[in-house]
Amino acid sequence: MRRSASLKMLFHERATALGSIAGVVAIIFLVGQQLAILFGLLSYMSFLVDNSGADIWIKTQNTNNFNASGTIPMSYRDRVMGVEGIEWAEPVVIGAGLVKLKNGNFQAAQIFGTRRPHLVGGPTRFYQGSIDGLLDGEGVTVDKLDLATLDFPKIGDIFEINNKRARVTAITQGMQGFSGFILYTNIEKARELVSMSTDRCSNVLIKVKDGTKIEEMRLLLQQILPKAEVIATPKLSKQTRLYYLQNTGIGSSFGLTTIIATIVGVVVISLTMYTNVLNKTKDYAVLRALGARKIDVLYIVFLQAMYIAIIGIFVGFTLLSMFLFFTKDSGLPSYLPWWMPIVHALGTILLCILGSTIAMRRAVSIEPATAFR
Amino acid sequence: MNNKPVIQLKGVARDFFDGKQKRRVLEKTDIEIYPKELTILSGPSGSGKTTLLTIMALILSPSEGSVIIKGEDVTDLPENKLATLRLKNYGFVFQNAALISALTVMENILIASTVQGGSVSKLLHQRAEDILKRLGMFEYANIKSEKLSGGQKQRVAIGRSLINDPAIILCDEPTASLDVESSTIVLETLKGLSEEGRSVVLVTHDPRVFPYGDRLVQIEDGKISSDTGSQIND
């Protein structure tokens, strides 16, 4: 009975109830879409690392993200290949490219070259063509999302990259990087495009055999290659993300927006719930006079906060899902890891309770004698 | 006397602090309220009659003196226990009914029994229906209380006061702003409840109410200026 009474008392003041719900929706949607974009950008930052399929990366020392890595000798690959427990070790070439478009403009790109025939770390999702396109001597891929930027190239079109010829042999889907778009190619073509000698590569990617402990293998490889840095893929991914978060202002920018959206939401919830209680002062006084204890009144207002939270979360996540759906194949990075909505919803419930504390304090302070005035 | 008092106020006084000084709004008062009796507390505005009623209601604690309910001294009981005592022993009829406008007639009655928690049993629901039938309000059970007339609201308020089968019903100006016909229905209902064995205490300054009382207590300047005494229990 108290539950339904609480709900009806809440929605009897429709404007304030909707105001409170709007506060929750603001928190869920605004913070949620900020987080989605942030996580989307984070996934872009370390996309090549996360998509590599490797357990361990070998790179130059003293660099704090893989994009800033220099070159290492190809001989490193040969030195580790014979180590027991390694399934494969493949060199890759990563570098910057300047693409000349049909209209004469230039666009910056990131070139990722992988060795034939395994094409480790290569693209996995295709809009047109397949990974076989990289087997072509001068073949490069472009991504569907970058077609407009690149003046709508088609398979077979010729590009000029760093003043060298390349041919579009496949169009990938959702293979997005953080520093310019990614052009996949084979390692020979990549060396040609970024002017790297055949005895050098950017990194060596290692896959360990099942049953081999990655950390033990990493330590062993580090002993074998003391002049290189041998790093586990998750650590390199995290290191790269952290580098960009700390050095580009993205972290503080998103953090500030998130904090502001949260504060605005909590303030809206506080004010509207407080107004609701104020407008119902007589009702709460009557309930107290009839025999409600302070804890009973607190329970009613707490329930109202929960109703607001649940409805707001539902509406907020519906809007957020629509946002994620419609931006899925757009240039806007948006991605939420599976655990984020749960954390976001629980956090919002806590914020809703926090926002309702002023209303709760007001409600329990209402004297039953007020019913007689 | 053939009945024990349900409410005894012994040397009860009440002070209020108005921000600058302490002001005594109710002088030391002794009064006993008996079952089967409709007691009217009357007096001009600001005389202290509502203060006396709220002390009887265990809502306002006295600055001095003691409150005894059914033989038990409850003066120093904590707030939560007083709330439970009110729930079990008291029914309230407020000025202008003071129904919860968001709720239906039936819900207004049921909430008075479940305000400390618990579900609505079939028995409780049946009891609420019986009360509404008795008050001629059954057909309005599912109507929002805000849609009722003043007289109808007050009848529902009486229904709400009865749901826990209380020994004491306290009424604060129950006929204020009611027309003559509605006032008569309300007063006859309250009179009937006192005749069933309940103690009904009614605060009013409407002289039309006086004929319904078994006892008239006049209050002026925070003191009982006259008391006809119990007509039934003497």
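Since we're looking at a predicted model, the values are computed, not measured.

J.: Got a minute to help me understand the overall build of chain A in this structure?
T.: Within chain A, the regular secondary structure consists of 12 helices and 12 strands. Relative to the 2.2 N^0.38 estimate, which gives 21 Å for 373 residues, the radius of gyration of chain A is 29 Å and therefore markedly larger than a compact globule would have. With the principal axes as the frame, chain A shows a C-alpha extent of 95 × 50 × 30 Å. The buried share of chain A, taken over its 373 residues, is 43%. Considering only residue pairs separated by 6 or more positions, chain A has 83% of its internal contacts joining residues 24 or more positions apart.

J.: Would you mind going over the overall build of chain B with me for this structure?
T.: A tally of helices and strands in chain B yields six helices and 10 strands. Expected size for 234 residues packed as a compact globule is a radius of gyration near 17 Å; at 17 Å, chain B falls within 12% of this value. With the C-alpha coordinates aligned to their principal axes, the bounding extent of chain B is approximately 50 × 45 × 40 Å. A total of 234 residues make up chain B; the buried ones form 50% of that total. For chain B, contacts bridging at least 24 residues in sequence account for 72% of all contacts bridging at least 6.

J.: Would you mind showing me how to read the confidence of the model for chain B here?
T.: Detailed reading of the predicted coordinates is not advisable wherever pLDDT is low. All names here are of chain B. Confidence in the prediction of chain B, expressed as mean pLDDT, is 89, and 97% of residues score 70 or more. Mean pLDDT values over the elements of chain B span from 87, in helix 6 (residues 180-195), up to 93, in strand 7 (residues 168-172). In the model output, the complex is listed with pTM 0.77 alongside ipTM 0.91.

J.: How do you make sense of the pairing of strand 1 (residues 7-17) of chain B when you look at a structure like this?
T.: When a strand is regular, its side chains alternate between the sheet's two faces. Residues and elements named next belong to chain B. Where strand 1 and strand 2 (residues 22-33) come together, eight bridges link them in antiparallel fashion. From the neighbouring strand, phenylalanine 16 faces strand 2, where its bridge partner is arginine 23. With five bridges connecting them, strand 1 and strand 4 (residues 64-69) associate as antiparallel partners. Bridge pairing in strand 4 links glutamine 8 to isoleucine 68.

J.: Quick question: what am I supposed to make of the domain arrangement of chain A here?
T.: A common way to report how large an interface is uses the accessible area buried once the components associate. Residues and elements named next belong to chain A. Structurally, chain A comprises domain 1 (2-44 + 249-372) and domain 2 (85-201). For domain 1 versus domain 2, the distance between C-alpha centres works out to 47 Å. If you look at the interface, domain 1 gives four residues, while domain 2 gives four residues. Along the lines of polarity and charge, the residues of the side of domain 1 that touches domain 2 split into three nonpolar, one polar and no charged.

J.: Got a minute to help me understand helix 4 (residues 122-134) of chain B in this structure?
T.: An α-helical turn contains 3.6 residues, so any two residues separated by three or four positions project in the same direction. Residue and element names in this part refer to chain B. For helix 4, which comprises 13 residues, the first-to-last C-alpha distance of 18 Å matches the rise-based estimate of 18 Å (1.5 Å per residue) to within 8%. Taken residue by residue, helix 4 has Ala128, Ile131 and Leu132 as its buried positions. What you see down the axis of helix 4 is that its buried residues fit within an arc of 95 degrees, all on one side. Exposed side of helix 4, more than 90 degrees from the buried face: Lys122, Leu123 and Gln126 are the residues found there. Looking at the buried side of helix 4, the elements it contacts are helix 3 (105-114) and helix 5 (150-162). Phi for glycine 136, located one or two positions after helix 4, is positive at around 70 degrees.

J.: What is the right way to read the sheet that holds strand 4 of chain B from this model?
T.: Note: strands within a sheet are paired through backbone hydrogen bonds, in either parallel or antiparallel orientation. Residues and elements named next belong to chain B. The strand order 2-1-4-5 describes an open sheet built from four strands, whose pairing is antiparallel. Each edge of the open sheet carries a strand with a single partner, namely strand 2 and strand 5 (72-73). The strands that helix 1 (residues 49-56) touches are strand 1, strand 2 and strand 4; relative to strand 1, the one it contacts most, it runs at about 120 degrees.

J.: I would appreciate a short explanation of the environment of methionine 45 of chain A in the present structure.
T.: All names here are of chain A. Position of methionine 45 among the secondary structure elements: in helix 2 (residues 14-45). A residue is classified by how many C-beta atoms lie within 10 Å of it, and methionine 45, with 26 of them, is buried. Sequence-wise, methionine 45 and arginine 361 are 316 residues apart; in three dimensions their C-alpha atoms are separated by 46 Å. What methionine 45 contacts, discounting residues up to four positions off in sequence, is Phe178, Thr240, Arg241 and Tyr244.

J.: What is the right way to look at the pairing of strand 7 of chain B in this model?
T.: Residue and element names in this part refer to chain B. Most of strand 7 sits out of view: five of its five residues are buried. Judged by which residues are buried, strand 7 turns out to be covered on both faces: Ile168, Leu170 and Asp172 on one side and Ile169 and Cys171 on the other are all buried. Across four bridges, strand 6 (residues 90-93) lies against strand 7 in parallel orientation. Residue tyrosine 90 lies in a different strand from strand 7, and its bridge partner there is isoleucine 168. As judged from the five bridges shared by strand 7 and strand 8 (residues 199-204), these two strands associate in the parallel manner. When the sheet's bridge partners are listed, isoleucine 169 is paired in strand 8 with valine 200. Running through helix 6, the crossover from strand 7 to the neighbouring parallel element strand 8 is right-handed.

J.: Which parts of the structure should I look at to understand the environment of arginine 215 of chain B?
T.: Residues and elements named next belong to chain B. Mapped onto the elements of the fold, arginine 215 is located in strand 9 (residues 215-220). Judged by the 20 C-beta atoms lying within 10 Å of it, arginine 215 is buried. Remark: the alpha-carbon pair of arginine 215 and leucine 82, spanning 133 residues in sequence, is separated by 27 Å.

J.: Even after reading the chapter, I still don't get the sheet that holds strand 7 of chain B, so can you show me in this structure?
T.: All names here are of chain B. What the six strands build is an open sheet, ordered 6-7-8-3-9-10; its pairing is mixed. Of all the strands in the sheet, the pair left with one neighbour each is strand 6 and strand 10 (223-227). Put simply, the sheet's adjacent strands are angled 20 degrees from each other on average, direction ignored. Sheet topology note: the strand 3 (residues 37-42)/strand 8 ladder contains six bridges and is parallel. By the bridge assignment for strand 8, leucine 41 is matched with valine 203. Those strands touched by helix 5 are strand 6 and strand 7, and its axis lies near 170 degrees from that of strand 6.

Reading guide: rules and limits
- Residues numbered from 1 in each chain as written.
- Chains lettered and ligands numbered in written order.
- Predicted model: local features only at pLDDT ≥ 70, side-chain atom pairs only at ≥ 80, totals over all residues.
- Helix = DSSP H or I, 4+ residues; strand = E, 2+ residues; numbered from the N terminus.
- Rg over C-alpha atoms; globule rule 2.2 N^0.38 Å.
- Buried ≥ 20, exposed ≤ 12 C-beta atoms within 10 Å, placed from the backbone.
- Contact = placed C-beta atoms within 7 Å.
- pLDDT = per-residue confidence, 0-100.
- Pairing = 2+ DSSP bridges.
- Domains from an automatic or database assignment.
- Nonpolar A, V, L, I, M, F, W, Y, C, P; charged D, E, K, R; others polar.
- Expected span 1.5 Å × (residues − 1).
- Arc of directions from axis to C-beta.
- Axes fitted to C-alpha atoms, helices over the stretch in contact; angles between N-to-C directions.
- Right-handed = clockwise from strand over helix to strand, strands pointing away.

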